[in-house]
Amino acid sequence: MIGYAPLITTSERPECMSETQTQGVNSVEIAVTVLEAIAELGASARAIDIARLSGLSKSRLHKYLVSLCRSQLIYQDPETSLYSLGSKLSTLGDAAKMQNAALVVINNALCQLRDRLNISTGLAVITGDTPTLINYNRSNKNIELDYKDNTQIPLLTSAAGKIFLTFSARFRDQNLLTKEEEKQILHDGYAIRLTETEGIPGARAIACPVFNTNRSLIGAAVIMGLLPDDDGELRQLADVLLNVIKEIHIG
């Protein structure tokens with residue numbers, strides 16, 4: 001079962017990525033290239049063939065092979081010295097499939113909510129260190145805010161971002177929210193963004209968290225767009241969103 005989770009999408013366009021967010025770690029990308037080479041070569045890959053496919057020298061490749069074996073991402077047969085993908089990849093792959101399946105179910109429920117209320121909905125997750133709106137389900141209103149899938153949204157000025165700041169272990173200890181705001185979100189179970197986007201009156205968002213069966217935050221569900229001005233109506237919408245997420249069952 002998926003627990004309720006507040007998620008909000010922002011009415012603003014996302015902030016630009018910082019330089020540190022775009023740099024990445026080159027060694028990780030090289031390790032992925034090595035894994036892909038082994039996968040292409042099959043269950044019994046020679047180091048010389050891995051080097052050829054990955055474009056690495058034998059000496060440089062050896063360091064990656066040692067580290068990948070140590071982390072159980074690949075396996076070296078002690079008798080033949082040939083390499084194959086390791087058991088850890090299978091475990092990670094199963095976890096990824098389960099999470100992706102859960103996200104599909106959640107977004108389907110948000111699409112049904114959009115159709116019932118004619119209000120745009122969305123689903124946000126953390127990619128790297130940035131909240132990303134991976135699904136945007138536009139309402140059928142003639143005038144509506146438009147977002148592209150995989151739009152990055154700011155942590156501090158979006159409803160979804162505030163959900164991650166409150167409920168995600170990755171951000172919780174950074175104390176970026178005021179104690180009062182965090183306490184309110186914890187009490188309500190959702191975050192509401194009331195600040196209007198410049199030039200687009202009435203642009204608001206409501207977000208609630210989505211948890212897996214281990215109570216780990218996996219995303220934020222969002223209602224967004226040209227929402228009502230009345231506080232009571234906004235809170236009624238928030239309750240509807242919470243109930244939709246609470247009713248979701250996986251497996």
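Structure: above.
Chains are numbered independently. Their residues run from 1 in the order of the written sequence. With the structure being a predicted model, the display of local features is reserved for residues of pLDDT at least 70 and the display and counting of side-chain atom pairs for 80 or more, all residues being used for whole-chain, interface and lining totals. Excluding hydrogens and water, the side-chain values take into account all heavy atoms of the structure.

(A) Spatial organisation of helix α4 (residues 58-70). Here α4 is 13 residues long and its end C-alpha atoms lie 18 Å apart, about the 18 Å a rise of 1.5 Å per residue gives. Whether two residues are in contact is decided by their heavy atoms, any of which lying within 4.5 Å being enough. Helix and strand definitions here come from DSSP, where helices need a minimum of 4 consecutive H or I residues and strands a minimum of 2 consecutive E residues; each element is numbered from the N-terminal end. Considering only its buried residues, α4 is in contact with α2 (26-41), α3 (47-54), β1 (74-76) and β2 (83-85). One fewer than the residue count of a helix, multiplied by 1.5 Å, yields its expected span.

(B) Representation of the packing of helix α6 (residues 159-167) against helix α8 (residues 179-188). To obtain each axis, a line is fitted to C-alpha atoms, and for helices this fit is confined to the stretch in contact; angles are then taken between N-to-C directions over 0 to 180 degrees. Viewed as axis vectors pointing N to C, α6 and α8 meet at an angle of 90 degrees, and their least axial separation amounts to 10 Å. Accordingly, the angle class assigned to the pair α6 and α8 is roughly perpendicular. Packed against α6, whose contacting residues are Lys-162, Ile-163, Thr-166 and Phe-167, the element α8 presents Glu-181, Glu-182, Ile-185 and Leu-186 at the interface. Each angle receives one of four descriptions, namely roughly parallel if under 35 degrees, roughly antiparallel if over 145, roughly perpendicular if within 65 to 115, and oblique otherwise.

(C) Highlighting the pattern of salt bridges. Each reported salt bridge corresponds to a side-chain nitrogen of Lys or Arg within 4 Å of a carboxyl oxygen of Asp or Glu. On inspection of all chains with the given rule, the structure shows seven salt bridges. The residue Arg-52 makes a salt bridge to Asp-49 at a minimum N-O spacing of 3.7 Å. Here the residue Arg-52 and the residue Asp-49 both occupy positions in helix α3, the gap between them amounting to three residues, near one helical turn. Relative accessibility under 20% of the residue-type maximum defines a buried residue, over 50% an exposed one, and the middle range a partly exposed one, all with a 1.4 Å probe and only protein chains included. Owing to a relative accessible area of 16%, Asp-49 belongs among the buried residues under this scheme. The shortest N-O distance in the salt bridge between Arg-235 and Asp-231 comes to 3.2 Å.

(D) View of the packing of aromatic side chains. Pairing of aromatic rings covers Phe, Tyr and Trp, the last counted by its six-membered ring, and requires centre-to-centre distances within 6.5 Å; plane angles under 30 degrees mean stacked, over 60 mean edge-to-face, and any other angle means tilted. According to the stated counting rule, one finds one aromatic pair in the structure shown. Relative to Phe-211, the ring of Phe-167 has its centre 5.8 Å away and its plane inclined at 75 degrees; by these criteria the two rings are edge-to-face. One end of the pair, Phe-167, is in helix α6; the other, Phe-211, is in strand β7 (residues 203-211), with 44 residues separating them in the sequence. Like Phe-211, Phe-167 is buried. Residue placement shows Arg-215 over the ring face of Phe-211; its charged tip is 4.3 Å from the ring centre. Distance and angle both matter: a charge sits over a ring if NZ of Lys or CZ of Arg is within 6 Å of the ring centre and within 35 degrees of the ring normal.

(E) Inspection of the environment of Ile-245 at higher detail. With respect to the helices and strands, the residue Ile-245 is situated in helix α9 (residues 231-246). Along the primary structure Ile-245 and Ile-106 are separated by 139 residues, whereas in three dimensions their C-alpha atoms are 7.4 Å apart.

(F) Examining the pairing of strand β4 (residues 130-137) more closely. For β4, the buried fraction is high: seven of the eight residues fall into the buried class. A strand pair is defined by DSSP finding two or more bridges across the two strands. When strand β3 (residues 120-127) meets β4, the two strands line up antiparallel, connected through seven bridges. Paired with Thr-121 across the bridge in β4 is Asn-137. Once β3 ends, the chain turns through two residues before running back antiparallel as β4, passing Gly-128 with a positive phi of about 70 degrees.

(G) A look at the sheet that holds β7. Across the sheet, six strands lie side by side as β5-β4-β3-β8-β7-β6; this open sheet has antiparallel pairing. Bordering the open sheet on either side are β5 (151-152) and β6 (191-193), each of which pairs with just one other strand. Bridging between β6 and β7 involves three bridges; their strand directions are antiparallel. Counted as the bridge partner of Ile-192 is Ile-206 from β7. Sitting on the sheet, α6 touches β3, β4, β6, β7 and β8 (217-226), and the angle it makes with β7 is about 35 degrees. In this fold α9 packs onto β6, β7 and β8, with an angle of close to 30 degrees to the strand it touches most, β7.

Remember, this is a structural readout, not a statement about activity or role.
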